[in-house]
Amino acid sequence: ADVAYLRSVLPSTTEDAFFDYLATLDASEVTVSAVPEGSVVFARVPFLQVKGPLLVVQLLETTLLCLVNYASLVATNAARFRLLAGPDVKLIEMGLRRAQGPDGALSASKYSYVGGFDYTSNVLAGKLYGIPVCGTIAHSFIMSFTSLEEVQLRELPPLAGGEPVDLPSLAELWLGRVQVTLNPLLAHARSGLPNFCAVALALHQLGYRAIGVRLDSGDLAQQSKEIRRALRACGAHFQVPWFETIPIAVSNDINEQSLEEFSREGSEIDMIGIGTNLVTCPLQPSLGCVYKLVEVNGSPCLKLTEDEEKMTIPGTKMIYRLYDTACHPFMDLMALEEEPSPSAGQELVVHVLGRLGEASKVVPTTVEPLHCTYFRDGQVCEPLPSLLEVRSHAQASLGQLSPAHRRLHEPQPYPVAVTERLHRLLAELRQATQ
């Protein structure tokens, strides 16, 4: 059917033999090696290498770039939010309504989790990928009630057993006591707070625990501090110790600046829901991964350009990550595939991209080969990790970076270099084309 469609859209002069050839294409002739999913990859480092017949690997270009560009972009964006939020705050992906269609939404949920988010509000993503689901009650549901008289199923049995209790009536009894307790603290807190405390205390009386408080407008950091003071006051006054640790969740167009403000103001926020600024990546709406030919029929090839950053690095390569004595990676090194692997403690002569004319010497404490072959002869040849394993690897990879490279504002550039031999090849090819 695919070949028939191509016949219908290509010029009528196209030879039949071309279509016969297309029908024989076999992806099993392709070999794919890559860095493990969840690895931190820096600019100019080839994180995927594809070998095979030229036409087959050309046909794979658009598919592979489509699969990795958005996934890497969202995972990176999520990782930035995780770094800003710190390790203790729970992050909820809430971008389903703003994502680019259902496929984009599912990808965003999946790769936000890889980047460090703890939950998704996308229940289908939870079902398909096993991501923990978490969300909030819709405003429209709350607004659909105009009075307590409309509440059905008012009775709730105590958790330990016994006769059911009218929960709204019990909460109303608690409300008067809560208002007396919180009156000195309610100058700025929202009116919903005493209602929440009353319901939570009624639930506690019956053996249950309230899940948390959600804020979605106003000065979220300041409100969180006011609410925490009120929760502590209620917990102390009514002798309910867990009350002061009730989670406070926030949402409302949260972005990176919001998280910086929360940290600066010393907020009491425990959970943050992020949607639009996570899944649409407004700071950088696309990721510029490229797919370039570096060798054909055993001969290395080079794309020449006056812009060194856009110049390709020729030849089939191995990639090594070099670590210092503090176990932080300090450089990624590209070498030709046939070169001997560098060793820990060995002095290496390298040329850093961006200043190729200068040779430098480095001595790594540890050397890690980055690429692994995942697909060969039509078969997956490495076990593929679970989504949770990818997430754990991503967080470990980020954690290994030195603080100077990991910081989001004016980070120290991470050097990517080539070996002396690869540098000579690059110079020879450039010279041959002049």
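What counts and how
Residues numbered from 1 in each chain as written. Predicted model: local features only at pLDDT ≥ 70, side-chain atom pairs only at ≥ 80, totals over all residues. Heavy atoms only, no water. UniProt positions renumbered as here; feature names shortened; annotations may be inferred. Domains from an automatic or database assignment. Contact = heavy atoms within 4.5 Å. Buried area = accessible area lost by both parts, 1.4 Å probe. Salt bridge = Lys/Arg side-chain N within 4 Å of Asp/Glu carboxyl O. Polar contact = N/O pair within 3.5 Å; in protein donor to acceptor, adjacent residues only side chain to side chain. Helix = DSSP H or I, 4+ residues; strand = E, 2+ residues; numbered from the N terminus.

By the naming in an unreviewed UniProt entry, the protein is Nicotinate phosphoribosyltransferase, taken from Pelecanoides urinatrix. As stated in UniProt under Pathway (unreviewed entry), the record for the protein gives "Cofactor biosynthesis; NAD(+) biosynthesis; nicotinate D-ribonucleotide from nicotinate: step 1/1." Comment text from UniProt for the protein, heading Catalytic activity (unreviewed entry), reads "5-phospho-alpha-D-ribose 1-diphosphate + nicotinate + ATP + H2O = nicotinate beta-D-ribonucleotide + ADP + phosphate + diphosphate".

1. Quick look at the domain arrangement of the protein
Domain boundaries assigned for the protein yield domain 1 (30-52 + 290-433) and domain 2 (76-143 + 163-280). Centre-to-centre separation of domain 1 and domain 2, based on C-alpha positions: 42 Å. Each partner contributes to the interface: domain 1 provides 10 residues, whereas domain 2 provides 15 residues. Between domain 1 and domain 2, roughly 1100 Å² of surface is buried when both sides are summed, and carbon and sulfur atoms account for 66% of that area. The three residues of domain 1 that bury the most area against domain 2 are Leu387, Arg391 and Leu408, which together make up 59% of that side's buried surface. Counting the contacts that link domain 1 with domain 2 gives 1 salt bridge. Linking arginine 391 and aspartate 118 is a salt bridge whose minimum nitrogen-to-oxygen distance equals 3.3 Å. On inspection of domain 1 and its partner domain 2, the count reaches 7 residue pairs in polar contact (both at pLDDT 80 or more).

2. Some points on the UniProt feature "domain: Nicotinate phosphoribosyltransferase C-terminal" (unreviewed entry) in the protein
UniProt annotation of "domain: Nicotinate phosphoribosyltransferase C-terminal" (unreviewed entry) refers to residues 317-425 when read in the numbering used here. Helix and strand shares over residues 317-425 are 22% and 35% respectively, and the end C-alpha atoms of the span are 12 Å apart.

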